[in-house]
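# Reading the structure
Here are the chains, one letter per residue:
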Amino acid sequence: MPLTPHPQPDQRSLRRGMVAGVGAYAMWGVLPLYFPLMAGAGVWEIGAHRVLWSMLFCGLLLALTGTLGQVRALLRDRGVLGRLALASSFLAANWVTFLYAVLTDRVVDASLGYFINPIITVLLAVLVLRERLRPVQWVAIGIAAVGVVVITIGYGTMPWVAVVLAGSFGIYGLAKNRIGRTVPALPGLLVETTALMPVSLAYVVVLGIQGTGTFLTATDATALGHPWHSLALAGSGIATAVPLVCFAVATRALPLSTVGLLQFIAPTMQFIIGVAVLGEQMPAARWAGFVLVWVALVLLGVEGQRARRRPAGPVPPAPQ
């Protein structure tokens, strides 16, 4: 979601925001360990269940907190509703690609996608919003592009998982930014998942009719077996909504610059999990490409800090 600066909060709010922010990104960081538990279901079934259970869990949270009226307000605004529906298509592309990466041992590529996401966001600001970049920002984009080229040459193929993840998330963030910054995170996600619900529900129903679905019928072929497999599918809604709630708390309490730094917790954890836990290979070309991307991010971060001290507007933040 787009991030906005806020007035200076008190120390208690800062601590609460920091805990919430770290918690949100840490939960996103460990998702590569969660989704493989449902590997027997496959990418599309897991994705469909993630949409359905996220919608139900968001609706439950909003009902319990008495804030369903925020959703009704969104539904009455046709312009916002249409843009949220459009944003949901890029969110779906991002979710499916991430699931594919996790289930096919491409977690490191997924982490690369989220590392380069801030750079893609800045590039989209130039191409779509016609914003002007400072020289250091252009240098950062060039270095990141060279990093991707190095990985491509070393591997002999484009790291398309990273490119799709970064691109879909960047466009998703841009679409949300164009809607405006007044759309709350949880109601927005409920509307987006509701837009994806018909296709997701139809897919799950078809799987049930064909007898190929794994929900409530999981066998020993799944990692967890019945009934834990079904509970894990349902839990994907919680795994999606809870970090988002924590993120919303963090963005209200913390300065923009702090949240911008916290966003690298998730891809760093994913990178460590991919290399140290899942044993994905890191040949020299891959290391070189990642180092170039990290250098680009450092340049982008330093330049962003300097820009915030000047009267000029800040670099558009990366969506989360």
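The rules behind each value
- Residues numbered from 1 in each chain as written.
- Predicted model: local features only at pLDDT ≥ 70, side-chain atom pairs only at ≥ 80, totals over all residues.
- Heavy atoms only, no water.
- Helix = DSSP H or I, 4+ residues; strand = E, 2+ residues; numbered from the N terminus.
- Contact = heavy atoms within 4.5 Å.
- Areas by Shrake-Rupley, 256 points an atom, 1.4 Å probe, with all protein chains shown as cover.
- Patch = residues over 30% accessible without salt bridge, like charges linked within 9 Å, V, L, I, M, F, W, Y side chains within 5 Å.
- Salt bridge = Lys/Arg side-chain N within 4 Å of Asp/Glu carboxyl O.
- Lys, Arg positive; Asp, Glu negative; His and termini not counted.
- Charge placed at Lys NZ, Arg CZ, Asp CG, Glu CD.
- Phe/Tyr/Trp six-rings, centres within 6.5 Å; stacked < 30°, edge-to-face > 60°.
- Lys NZ or Arg CZ within 6 Å of the ring centre and 35° of its normal.
- Buried < 20%, exposed > 50% of the residue type's maximum accessible area, 1.4 Å probe, protein only.
- Axes fitted to C-alpha atoms, helices over the stretch in contact; angles between N-to-C directions.
- Parallel < 35°, antiparallel > 145°, perpendicular 65-115°, else oblique.
- Left-handed = near helix turned anticlockwise from the far one by under 90°.
- Nonpolar A, V, L, I, M, F, W, Y, C, P; charged D, E, K, R; others polar.
- Expected span 1.5 Å × (residues − 1).
- pLDDT = per-residue confidence, 0-100.

## A few points about the overall build of the protein chain
Looking only at helices and strands, one finds 13 helices and 0 strands in the protein chain. Beginning at the N terminus, the succession of helices and strands in the protein chain can be written as α-α-α-α-α-α-α-α-α-α-α-α-α. A separation of at least 24 residues holds for 84% of the contacts in the protein chain among residues at least 6 apart in sequence. Carbon together with sulfur atoms contributes 68% to the accessible area of the protein chain, which is approximately 14900 Å² in total.

## Structural notes on a positive patch on the surface
On the surface, R12, R15, R16 and R252 cluster together to form a positively charged patch. For the positive patch, the leading source of residues is helix α1 (residues 11–29), giving 3 residues.

## Examining the packing of aromatic side chains
For the structure shown, the criterion picks out 17 aromatic pairs. Centre to centre, the rings of Y100 and W160 are 5.4 Å apart; their planes meet at 35°, and the pair counts as tilted. One end of the pair, Y100, is in helix α5 (residues 78–103); the other, W160, is in helix α8 (residues 160–179), and 60 residues separate them in sequence. Through successive ring pairs, a cluster of aromatic residues spans Y34, F35, F98, Y114, F169 and Y172. Over the ring of W95 we find R50, and its NZ or CZ is 4.2 Å from the ring centre.

## Description of the pattern of salt bridges
Enumeration over the complete set of coordinates arrives at 3 salt bridges. One salt bridge connects D109 with R286, and the closest N-O pair in it is separated by 2.8 Å. With a gap of 177 residues between them, D109 in helix α6 (residues 107–127) and R286 in helix α13 (residues 284–308) connect regions that are remote in the sequence. A single burial state applies to D109 and to R286, both of which are buried. We note a salt bridge from K176 to E192, for which the minimum N-O separation is 2.6 Å. Residue K176 is located in helix α8, and its partner E192 is located in helix α9 (residues 185–210); the two are separated by 16 residues in the primary sequence.

## Considering the packing of helix α3 (residues 43–64) against α9
When two helices pack together, their arrangement is given by the angle between the helix axes and the distance between those axes. Running from N to C, α3 and α9 cross one another at 135°; their axes reach a closest spacing of 7 Å. Considered as vectors, α3 and α9 are oriented oblique to each other. Like other packed secondary-structure pairs, α3 and α9 cross with a definite hand, here left-handed. Here the contact of α3 with α9 is built from residues that sort into 18 nonpolar, 6 polar and 1 charged.

## Observations regarding unusual backbone geometry
Its identity as a non-glycine residue notwithstanding, D105 has a phi of 60°, on the positive side. Structurally, D105 is set in the loop between α5 and α6. Accessibility expressed as a relative area gives 56% for D105, which makes it exposed.

## Let's talk about the packing of α5 against α8
Close contact between α5 and α8 brings their axes to 9 Å; oriented N to C, the two are set at 160°. Comparing their axes, α8 and α5 come out roughly antiparallel. As α5 packs across α8, the resulting crossing turns out to be left-handed. Listed contacts from α8 to V80, R83, L84, A87, F90, L91, A93, N94, T97, F98, Y100 and A101 of α5 are W160, V161, V164, L165, S168, F169, I171, Y172, A175, K176 and I179. In terms of residue class, the contact of α5 with α8 is made up of 18 nonpolar, 3 polar and 2 charged.

## Quick notes on α3
Across its 22 residues, α3 extends 31 Å between first and last C-alpha, which sits within 8% of the 32 Å expected from 1.5 Å per residue. Remark: G66 follows α3 within two positions and exhibits a positive phi of approximately 65°.

## Here we look at the confidence of the model for the protein chain
Looking at the protein chain, the pLDDT average stands at 86 and 90% of residues meet or exceed 70. In this model residues 1–6 is a low-confidence stretch, pLDDT under 50, and it forms 23 contacts with partners more than four residues away in sequence or in other chains. Under a pLDDT of 50 for its full length, residues 311–320 has, in the predicted model, 30 contacts with residues more than four places off or in other chains.

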